[in-house]
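Single-letter residue listing:
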Amino acid sequence: MIARIWSGESPLWVLLLPLSWLYGLVSGAIRLLYRLGIKRAWRAPVPVVVVGNLTAGGNGKTPVVIWLVEQLQKRGIRAGVVSRGYGGKAAQYPLVLRPDTTTAEAGDEPVLIYQRTGAPVAVSPVRSGAVKALLAQHSVQIIITDDGLQHYALARDKEIVVIDGVRRFGNGWWLPAGPMRERASRLKTVDAVIVNGGEAKAGEIPMHLRPGQAVNMLTGERKDVAQLDRLVAMAGIGHPPRFFATLEQCGARLEKRVPLADHQALVADEVDRLAAPGQTLIMTEKDAVKCRAFAKENWWYLPVDAELSGEQPEHLLRELLALVQ
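What counts and what doesn't
- Residues numbered from 1 in each chain as written.
- Predicted model: local features only at pLDDT ≥ 70, side-chain atom pairs only at ≥ 80, totals over all residues.
- Heavy atoms only, no water.
- Helix = DSSP H or I, 4+ residues; strand = E, 2+ residues; numbered from the N terminus.
- Rg over C-alpha atoms; globule rule 2.2 N^0.38 Å.
- Buried < 20%, exposed > 50% of the residue type's maximum accessible area, 1.4 Å probe, protein only.
- Contact = heavy atoms within 4.5 Å.
- Areas by Shrake-Rupley, 256 points an atom, 1.4 Å probe, with all protein chains shown as cover.
- Lys, Arg positive; Asp, Glu negative; His and termini not counted.
- Charge placed at Lys NZ, Arg CZ, Asp CG, Glu CD.
- Pairing = 2+ DSSP bridges.
- UniProt positions renumbered as here; feature names shortened; annotations may be inferred.
- Axes fitted to C-alpha atoms, helices over the stretch in contact; angles between N-to-C directions.
- Left-handed = near helix turned anticlockwise from the far one by under 90°.
- Core = buried A, V, L, I, M, F, W, Y, C linked by side-chain atoms within 4.5 Å.
- Salt bridge = Lys/Arg side-chain N within 4 Å of Asp/Glu carboxyl O.
- Parallel < 35°, antiparallel > 145°, perpendicular 65-115°, else oblique.
- Nonpolar A, V, L, I, M, F, W, Y, C, P; charged D, E, K, R; others polar.
- Polar contact = N/O pair within 3.5 Å; in protein donor to acceptor, adjacent residues only side chain to side chain.

Undergrad: Tell me about the overall build of the protein, and please be specific about residues and values.
TA: Looking only at helices and strands, the protein has ten helices and 15 strands in total. For 325 residues, the compact-globule estimate of 2.2 N^0.38 gives 20 Å, and the protein sits close to it at 20 Å. Taken along its principal axes, the extent of the C-alpha atoms in the protein is 60 × 50 × 45 Å. Scored against the burial criterion, the 325 residues of the protein give a buried share of 52%. Considering only intrachain contacts with a sequence separation of at least 6, the fraction spanning at least 24 residues in the protein is 73%. Accessible surface for the protein amounts to roughly 15100 Å². Of this, 54% is attributable to carbon and sulfur atoms. Treating the 39 positive side-chain charges of the protein as one cloud and the 32 negative ones as another, the clouds have centres 7 Å apart.

Undergrad: Give me the lowdown on the pairing of strand β7 (residues 192-196), citing residues and values where you can.
TA: The element β7 is extensively covered by neighbouring structure, given that five of its five residues are classed as buried. Residue alternation in β7 divides its side chains into two sets, Ala-192, Ile-194 and Asn-196 and Val-193 and Val-195, and both sets are buried. The pairing of β7 with strand β8 (residues 205-211) spans three bridges and is classified as parallel. Bridge pairing in β8 places Asn-196 opposite Met-207.

Undergrad: Describe in detail the UniProt feature "transmembrane region" (unreviewed entry) in the protein, supporting the description with residues and values.
TA: UniProt marks residues 12-34 with the feature "transmembrane region" (unreviewed entry), using the numbering shown here. The span residues 12-34 is 78% helix and 0% strand, and its two end C-alpha atoms sit 34 Å from each other.

Undergrad: Give a detailed account of the sheet that holds strand β1 (residues 48-52), specifying residues and quantitative values.
TA: In space, the nine strands of this open sheet follow the order β3-β4-β2-β5-β1-β6-β7-β8-β15, with mixed pairing throughout. Of all the strands in the sheet, the pair left with one neighbour each is β3 (95-96) and β15 (304-308). In the sheet, strand β2 (residues 79-83) pairs with strand β4 (residues 121-123) via three bridges, with the strands oriented parallel. Following the sheet pairing, Val-82 is matched in β4 by Ala-122. Contacts from helix α6 (residues 127-137) reach β2, β3, β4 and β5 (142-146), with the element oriented near 150 degrees to β2.

Undergrad: Break down the packing of helix α3 (residues 61-74) against helix α10 (residues 312-324) for me, with residues and values.
TA: At a minimum axis separation of 11 Å, α3 and α10 run at an interaxial angle of 65 degrees. Crossing geometry of α3 relative to α10 is assigned as right-handed. Residues Trp-67, Leu-68, Gln-71 and Leu-72 of α3 form the contact with α10, whose participating residues are Pro-313, Leu-317, Leu-320 and Leu-321.

Undergrad: Account for the nonpolar core, with residues named and values stated.
TA: In this structure, Val-51, Leu-68, Leu-72, Ile-142, Ile-144 and Ile-160 are the most contacted members of the largest nonpolar core, which totals 39 residues. In terms of residues, this core owes the most to one element, α3, which gives seven residues. Dropping the residues within four chain positions of it, Ile-142 is found in contact with Val-46, Pro-47, Val-49, Leu-72, Ile-77, Arg-78, Ala-79, Gly-80, Leu-320 and Val-324.

Undergrad: Account for the sheet that holds strand β12 (residues 254-259), naming residues and giving values.
TA: Strand order in the open sheet made by the six strands is β10-β9-β14-β13-β11-β12, with mixed pairing throughout. Both edges of this open sheet fall to β10 (222-223) and β12, since each of them pairs with a single strand only.

Undergrad: Residues and numbers for the pairing of β12, please.
TA: Pairing of strand β11 (residues 231-235) with β12, which is carried by five bridges, proceeds in the parallel orientation. Note that in β12 the partner of Ala-233 across the bridge is Arg-257.

Undergrad: Residues and numbers for the pattern of salt bridges, please.
TA: All chains considered together, the criterion is met by 24 salt bridges. Salt-bridge contacts for Asp-108 lead to Lys-290; the nearest nitrogen and oxygen are separated by 3.4 Å. Linking Asp-108 in helix α5 (residues 108-117) with Lys-290 in helix α9 (residues 285-291), this pair joins segments that are 182 residues apart in sequence. Like Asp-108, the residue Lys-290 is buried in the burial classification.

Undergrad: Any details on the environment of Met-207? Residues and values, ideally.
TA: By the secondary structure assignment, Met-207 is in strand β8. Given the relative accessible area of 4%, Met-207 is considered buried. Sequence separation of Met-207 and Ile-194 is 13 residues, and the distance between their C-alpha atoms is 6.5 Å. For Met-207, the contacting residues outside a window of four places in its chain are Gly-60, Val-64, Ile-194, Val-195, Asn-196, Gly-197, Ala-306, Glu-307 and Leu-308.

Undergrad: For the packing of α3 against α5, give the residues involved together with the corresponding values.
TA: Two elements in contact, α3 and α5, have axes whose closest approach is 10 Å; the angle formed by their N-to-C orientations is 30 degrees. On the basis of their axis angle, the class for α3 and α5 is roughly parallel. For the pair α3 and α5, the sense of crossing is right-handed. Contacts between α3 and α5 involve Thr-62, Val-65, Ile-66, Val-69, Glu-70 and Gln-73 from the first element and Glu-109, Leu-112, Ile-113, Arg-116 and Thr-117 from the second. Of the residues assigned to the contact of α3 with α5, the class counts are five nonpolar, three polar and three charged.

Undergrad: A description of the side chain of Thr-62 should follow, citing residues and the corresponding values.
TA: Position of Thr-62 among the secondary structure elements: in helix α3. A residue is classified by how much of its surface remains accessible, and Thr-62, at 7% relative accessible area, is buried. Polar contacts involving the side chain of Thr-62 include one to the side chain of Asp-146, which spans 3.4 Å.

Here's what the structure looks like:
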């Protein structure tokens, strides 16, 4: 229902307009306070790059964060990552991730970034606190924030916005009548716009998510998705249909699709019941980090990597290297 409202297909969005106007008024006032210097942002001693979005829901931010970290690592730059840690609840904040940190403590996306990149990661509702904790324990040269475009209490040197190229901005209204956290005019002030799927417009960086081979969660065995039989697909991400479509593009034959809420906690018995005897459960890598501890032999996940096209990504990386140097 919410997808139909935000896309404008359902007229119910009109009833939510008063709340949207209130949301826009409050968010605009907060940004204005920082622009006028009435509220002051904390500036880190190293460059800070924000990877965020203008809309609620999954747009592909985390794959972009992983891509940035890995590209910087290839160039000899020590990058750290900070996040709000949605879906997790730590005993105390800030929390600097360790190998035994769980998704229940830190959230699924920070754990995924930590495991994929090996980069230092810290989470906190107060992102400046996460940055300070990271710098106290690690010698990082640049900070990448996963989300936080609207978290103006942390000063930033670069802003990167990720857009879902298929859904884009829906009906264009602020939450809750539409998907917008800020209006589309905000794009004029950011440093780069990355478009995940669909068709990129002039000045935007085209990106698509390249799936790898499916990975068995117990053995680590890898197989093409098309080789797996009787698939039940599970996705707890911002836009589950994208994952299901990716599987089908890889040749998967899906017997069942199970969309879950973004950052939804996963319980062993509930996940186990999704696939009947003889069926194979396949999930996103983001879901996999939440249930590795109780994985079964017929559970697989599909890793994806961000691929950015054109000359602009290299130009963006040169700008980040210049900030560090």
